[in-house]
Amino acid sequence: MTMAGSAPLLLIAAGGTGGHMFPAQALAEAMIARGWRVKLSTDARGARYAGGFPKEVPVEEVSSATFARGGLAAKAAVPLRIAGGVMSAAMAMRRDRPTVVVGFGGYPSIPALAAATLLRLPRMIHEQNGVLGRVNQIFAPRVNAVACGTWPTTLPEGVEGIHTGNPVRQAVLDRAAAPYIPPGDYPMSLVVIGGSQGARILSDVVPAAVALLPEGIRANLRVAHQARAEDLDRVIAAYDAAGIDADVQPFFTDIPRRLSEAQLVVSRSGASSIADISVIGRPSILIPFAAATADHQTANARGLVQADAAVLIPESALDPAALAAQMAAVLSNPQAAGAMATNALAQGRPDATGHLVDLVLRLAEKRVTR
Ligand SMILES: CC(=O)N[C@H]1[C@@H](OP(=O)(O)OP(=O)(O)OC[C@H]2O[C@@H](n3ccc(=O)[nH]c3=O)[C@H](O)[C@@H]2O)O[C@H](CO)[C@@H](O)[C@@H]1O
């Protein structure tokens with residue numbers, strides 16, 4: 001037997017968007033560093049997102065499909081495509097038996113998780129959002145552990161979750177628990193983030209809300225606002241008209257630094273944004289994307305809101321006056337803002353990757369028996 005052959009094998013089942021792939025990559029890197037072999041099981045579409053994985057990770061392409069896309073003929077072929085994927089995943093597992101299988105959601109993760117279930121291999125899933133995605137929903141009762149990126153996560157009856165957190169970038173970790181400077185009579189920073197695509201509704205409402213703030217706050221305020229490229233001009237014009245010093249860009253590459261320097265954050269509640277805000281520990285006003293599947297952004301915000309670290313404004317209640325009132329409440333009360341920052345930090349899981357590694361090792365040693 002070769003050295004490589006004797007090393008334990010982690011099979012990662014993931015696919016689709018960066019949201020599923022990023023935590024999978026973080027775990028792959030950590031397990032390779034521990035001397036494990038890692039393989040990625042995904043479909044042709046998922047394979048296109050595999051570029052960020054360490055080069056030592058081979059991709060096992062299996063066929064999979066979703067009912068959520070395509071015409072009638074494509075939908076009719078879904079069961080057959082998945083069955084084919086399960087067969088080839090099971091055959092690959094017989095050739096090289098994984099020590100542990102971890103699914104990160106997305107339909108390309110179905111074949112490997114189904115095959116691991118049939119072969120009774122130690123297996124777990126990781127869910128990034130506060131509501132299980134469709135595939136994780138199916139497998140949650142059939143795996144040995146359910147790792148949750150967001151806390152609390154709504155789980156099926158009888159299923160217990162383990163709060164591992166969502167892995168965050170090194171630049172975020174470098175700012176973890178950076179001291180918070182509460183609002184006061186000096187330059188203050190408001191950071192506005194709309195997620196990886198930006199958010200039109202924030203472009204419409206935030207500049208108008210800032211314009212309504214009491215003069216004492218407004219005069220000290222600097223704004224960094226991430227807006228969609230097509231909205232840049234009018235957002236800049238709106239801040240200009242209100243006499244506000246604003247830096248408006250389609251994407252800030254230095255958001256960890258900006259978050260650490262912020263007195264207040266106004267944000268969508270995508271899973272990674274919530275993880276970043278928690279790990280760095282800042283007060284926030286969260287406006288969940290109302291059209292997100294199963295309203296998962298509201299679920300993502302729940303932990304911070306329940307911990308008194310954030311205020312939630314649903315899109316249906318969002319207008320400049322409502323937002324201005326909430327911003328003023330935080331920015332005029334250093335003590336409350338400081339408590340929110342501390343409470344946010346308590347929700348953070350800076351060592352999310354370490355928690356995931358630990359779960360994999362426990363599964364490998366069969367210390368998780370569910
Ligand atoms: C619209 C939508 O359906 N979004 C989903 C998408 O999130 P989406 O990718 O939009 O948002 P996330 O919050 O998960 O990630 C955004 C990341 O980009 C960073 N950032 C943002 C702005 C910026 O200027 N610079 C920057 O670096 C944030 O700090 C964060 O780390 O996948 C997530 C994970 O499944 C879901 O929770 C979200 O609901």
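Please read all numbers here as calculations on a predicted model, not as lab measurements.

## Overview of the overall build of the chain
Alright, step 1. Assigned secondary structure in the chain consists of 17 helices and 13 strands.
Alright, step 2. Its C-alpha atoms give the chain a radius of gyration of 22 Å, within 12% of the compact-globule value 21 Å for 370 residues.
Alright, step 3. Seen along its three principal axes, the alpha-carbon backbone of the chain occupies a region of about 70 × 45 × 40 Å.
Alright, step 4. Expressed as a percentage of the 370 residues in the chain, the buried residues total 50%.
Alright, step 5. In the chain, 66% of the contacts between residues at least 6 apart in sequence involve partners at least 24 apart.

## Points about the sheet that holds strand β4 (residues 100-103)
Alright, step 1. An order of β3-β2-β1-β4-β5-β6-β7 is seen for the 7 strands of this open sheet, with the pairing classed as parallel. Only two strands of the sheet have a single neighbouring strand rather than two, namely β3 (59-61) and β7 (161-163). Adjacent strand axes in the sheet meet at a mean angle of 25 degrees when their direction is disregarded.
Alright, step 2. Direction of pairing for strand β2 (residues 37-42) relative to β3: parallel, over a ladder of 3 bridges. Considered in β3, the bridge of S41 is made with E60.
Alright, step 3. Across the sheet, helix α6 (residues 110-118) lies against β1 (9-13), β2, β4 and β5 (123-127), angled at about 140 degrees from β4, the strand it touches most.

## Concerning the site of the ligand
Alright, step 1. Not every one of the 21 residues close to the ligand is listed here, only the nearest: G19, G195, G270, S272 and S273.
Alright, step 2. Of all the secondary structure elements, the ones that give two or more residues to the shell around the ligand are α13 (271-280) and α14 (296-306).
Alright, step 3. Broken down by element, the residue count for the shell around the ligand peaks at 4 residues, all from α13.
Alright, step 4. Partitioning the shell around the ligand into residue classes produces 7 nonpolar, 13 polar and 1 charged.
Alright, step 5. A domain split of the shell around the ligand shows at least three residues from each of domain 1 (9-166 + 350-366) and domain 2 (173-347).

## Side note on the domain arrangement of the chain
Alright, step 1. Here the domain parsing of the chain yields domain 1 (9-166 + 350-366) and domain 2 (173-347).
Alright, step 2. Relative to domain 2, the C-alpha centre of domain 1 lies at a distance of 33 Å.
Alright, step 3. Broken down by class, the residue content of the side of domain 1 that touches domain 2 amounts to 4 nonpolar, 9 polar and no charged.

## Looking at the UniProt feature "domain: Glycosyltransferase family 28 N-terminal" (unreviewed entry) in the chain
Alright, step 1. The positions that UniProt labels "domain: Glycosyltransferase family 28 N-terminal" (unreviewed entry) are, in the present scheme, residues 11-147.
Alright, step 2. End-to-end, the C-alpha atoms of residues 11-147 are 16 Å apart, and along that stretch the chain is 42% helix and 18% strand.

## Overview of the UniProt feature "domain: Glycosyl transferase family 28 C-terminal" (unreviewed entry) in the chain
Alright, step 1. In this numbering, the UniProt entry assigns the feature "domain: Glycosyl transferase family 28 C-terminal" (unreviewed entry) to residues 190-352.
Alright, step 2. Segment residues 190-352 splits into 50% helix and 15% strand. End C-alpha atoms: 27 Å apart.

## Describing the pairing of β2
Alright, step 1. With 6 of 6 residues buried, β2 lies mostly within the body of the structure.
Alright, step 2. Burial of β2 is two-sided: the residues R37, K39 and S41 facing one way and the residues V38, L40 and T42 facing the other way are all buried.
Alright, step 3. Handedness of the β1-helix α2 (residues 18-33)-β2 crossover: right-handed.

## Some remarks on the nonpolar core
Alright, step 1. Core analysis: the largest hydrophobic core is formed by 108 residues, its most contacted members being I12 and V102.
Alright, step 2. Each of domain 1 (9-166 + 350-366) and domain 2 (173-347) accounts for three or more of the residues forming this core.
Alright, step 3. When near neighbours in sequence (up to four residues on either side) are disregarded, V102 contacts L10, I12, A13, L27, M124, H126 and V360.

## Regarding the packing of α2 against helix α17 (residues 352-364)
The description of two helices packed together rests on the angle between their axes and the distance between the axes.
Alright, step 1. Relative to each other, α2 and α17 sit at 65 degrees, their axes nearing to 9 Å. When you trace α2 past α17, the crossing you get is right-handed. Side by side, α2 and α17 meet where A26, L27, A30 and M31 of the first sit next to T353, L356, V357 and V360 of the second.
Alright, step 2. Considered class by class, the residues forming the contact of α2 with α17 number 7 nonpolar, 1 polar and no charged.

The rules we used
- Residues numbered from 1 in each chain as written.
- Predicted model: local features only at pLDDT ≥ 70, side-chain atom pairs only at ≥ 80, totals over all residues.
- Helix = DSSP H or I, 4+ residues; strand = E, 2+ residues; numbered from the N terminus.
- Rg over C-alpha atoms; globule rule 2.2 N^0.38 Å.
- Buried ≥ 20, exposed ≤ 12 C-beta atoms within 10 Å, placed from the backbone.
- Contact = placed C-beta atoms within 7 Å.
- Pairing = 2+ DSSP bridges.
- Axes fitted to C-alpha atoms, helices over the stretch in contact; angles between N-to-C directions.
- Near = placed C-beta within 6 Å.
- Nonpolar A, V, L, I, M, F, W, Y, C, P; charged D, E, K, R; others polar.
- Domains from an automatic or database assignment.
- UniProt positions renumbered as here; feature names shortened; annotations may be inferred.
- Right-handed = clockwise from strand over helix to strand, strands pointing away.
- Core = buried A, V, L, I, M, F, W, Y, C linked by C-beta atoms within 7 Å.
- Left-handed = near helix turned anticlockwise from the far one by under 90°.

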